[in-house]
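# Breakdown of the fold
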Amino acid sequence: MAPLKKSKKTKKDSKKFKKIKHKNKKNISIVPVENKGSSECDWWDSFWHKNSLTPGCGVPCDEEDGFKYFFRVSKKTFDYICSLVREDLISRPPSGLINIEGRLLSVEKQVAIALRRLASGESQVSVGASFGVGQSTVSQVTWRFIEALEERAKHHLKWPEPIQTSDDWCDHENNYSMLLQGIVDSEMRFLDIVTGWPGGMTTSRLLKFCGFYKLCESGDRLNGNVKVVEGEELREYIIGGFGYPLLPWLITPYEGDNLSDAMSDFNALHETASSVAMKAFALLKGGWRILNKVMWRPDKQKLPSIILVCCLLHNIIIDCGDRLHPDVALSGHHDPGYEGQSCKQIESTGRLMRDKLTKHLQVTKKEGSM
């Protein structure tokens, strides 16, 4: 629901001022502080009336839908996000973050500015204009929010990985880029991400440098109970595209033109399952459009934090029971112009595991239980 309209102020409800003690012990009035309880309404009322009436902008007429249109989350999820970062945003006084009314920005308004910047991908000037603040304020607020959420929302990502860097940032399409590797569940929630690596790195090399690979190879990840199906032992595994090596815990499709019917059936099922991950990335980059822009700022030291926070926000929406709007997903391939990579590494244990799964698929197909 959109915030309630603020009540009219009475004479007793006048502006309050923070006071500090000078060395001569005189009280000096400085910046007025927003009344508790009114700030949540003030910023939204002002923003809604300023940004919802633009002709042809496609903003929903309903305020509840409009709130989600601008910030990608419902009011309930927005309040939850505010609760995560409130302590950090309050404990660090917002030096210089004063709006045009001469008041310190509320936590709610700071979060709204940051979410709008991440969701729209618009310039800091454009986002600032929609809130009545300057470009520098948008920059400070967004980065403070990213730092706070990166620290406070880690529990929304099961397998967070350390961020490392390299110097080969030019990818095979001659663009300067940064990689994001993600593992997604059936609800399109990110279970593990690795980012911060340069775009020139191959997919298979990225895998072997990440912590998830090392955990799986040591038996500390994907180590669930082995299932016996039709006399064959099937272990826990994930699936990956052609760019990944075929391993006993990472199953890739069959390659080649002369595939058997069983192999083609397996590839079709593999593609169906993989489409969930593709949709999750399309929603991530479509929902948080800053990831779909050519970003001149910030530098590569800050960019991994932006990517991580967008993934955390994506998960928070799912964990809070908030629905993901399918219309924000980018249509088609979310990385136009990029061709898929192919990895020729095949481990014999991986090939055996894939053949077992293919055989099991044919059995269930015959039984009509697929």
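The rules behind these values
Residues numbered from 1 in each chain as written. Predicted model: local features only at pLDDT ≥ 70, side-chain atom pairs only at ≥ 80, totals over all residues. Heavy atoms only, no water. UniProt positions renumbered as here; feature names shortened; annotations may be inferred. Salt bridge = Lys/Arg side-chain N within 4 Å of Asp/Glu carboxyl O. Buried < 20%, exposed > 50% of the residue type's maximum accessible area, 1.4 Å probe, protein only. Axes fitted to C-alpha atoms, helices over the stretch in contact; angles between N-to-C directions. Helix = DSSP H or I, 4+ residues; strand = E, 2+ residues; numbered from the N terminus. Parallel < 35°, antiparallel > 145°, perpendicular 65-115°, else oblique. Left-handed = near helix turned anticlockwise from the far one by under 90°. Contact = heavy atoms within 4.5 Å. Nonpolar A, V, L, I, M, F, W, Y, C, P; charged D, E, K, R; others polar. Expected span 1.5 Å × (residues − 1). Phe/Tyr/Trp six-rings, centres within 6.5 Å; stacked < 30°, edge-to-face > 60°. Lys NZ or Arg CZ within 6 Å of the ring centre and 35° of its normal.

The name given to the protein chain in an unreviewed UniProt entry is Nuclease HARBI1 isoform X2, with the source organism recorded as Nicotiana sylvestris. Per UniProt, the comment on the protein chain under Sequence similarities (unreviewed entry) is "Belongs to the HARBI1 family."

Another aspect to go through is the pattern of salt bridges. One pass over the full model with this rule turns up twelve salt bridges. Notably, a salt bridge pairs Arg116 with Glu122, separated by 3.4 Å at the nearest N-O pair. When its relative accessible area of 10% is taken as the criterion, Arg116 is described as buried. Accessibility expressed as a relative area gives 30% for Glu122, which makes it partly exposed. In this structure, Glu255 and Lys344 form a salt bridge, with 3.8 Å as the shortest nitrogen-oxygen distance.

What follows is about the packing of helix α3 (residues 75–91) against helix α4 (residues 107–120). It is at 9 Å that the axes of α3 and α4 come closest, and there the two elements cross at 110°. Between α3 and α4, the angle falls in the class roughly perpendicular. Considering only the axes of α3 and α4, their crossing is right-handed. Across the interface between the two elements, Phe78, Ile81, Cys82, Val85, Arg86, Leu89 and Ile90 of α3 pack against Val107, Glu108, Gln110, Val111, Ala112 and Leu115 of α4. Within the contact of α3 with α4, the residues separate by chemical class into ten nonpolar, one polar and two charged.

The subject of this paragraph is helix α11 (residues 348–366). Its 19 residues give α11 an end-to-end C-alpha distance of 27 Å, which sits within 8% of 27 Å, the value for a rise of 1.5 Å per residue. Three or more residues of α11 are buried, namely Gly350, Met353, Arg354, Lys356, Leu357, Thr358, Leu361 and Thr364. Looking at the buried positions of α11, the neighbouring elements they touch are β7 (232–234), β9 (250–251) and α9 (261–287).

Attention now goes to the packing of aromatic side chains. Tallied over the full model, the rule gives 23 aromatic pairs. Measuring from ring centre to ring centre gives 5.3 Å for Phe67 and Phe78, while their planes differ by 85°; the resulting arrangement is edge-to-face. Placement of the pair is Phe67 in helix α2 (residues 63–71) and Phe78 in helix α3, with a sequence separation of eleven residues. There is no split in this pair, since Phe67 and Phe78 are both buried. Between Trp197 and Phe209 the ring centres are 5.3 Å apart and the planes differ by 45°, which places this aromatic pair in the tilted class. With a gap of twelve residues between them, Trp197 in strand β5 (residues 190–198) and Phe209 in helix α7 (residues 203–209) connect regions that are remote in the sequence. Judged by its relative accessible area of 37%, Phe209 falls in the partly exposed class. Through pairs of rings, three or more aromatic residues link up here, namely Trp43, Trp44, Phe47, Trp48, Phe67, Tyr69, Phe70, Phe71, Phe78 and Phe131. The ring of Trp143 has Lys302 lying over it, and the distance from NZ or CZ to the ring centre is 4.9 Å. Stacked on the ring of Tyr254, the Lys or Arg Arg354 has its end atom at 4.0 Å from the ring centre.

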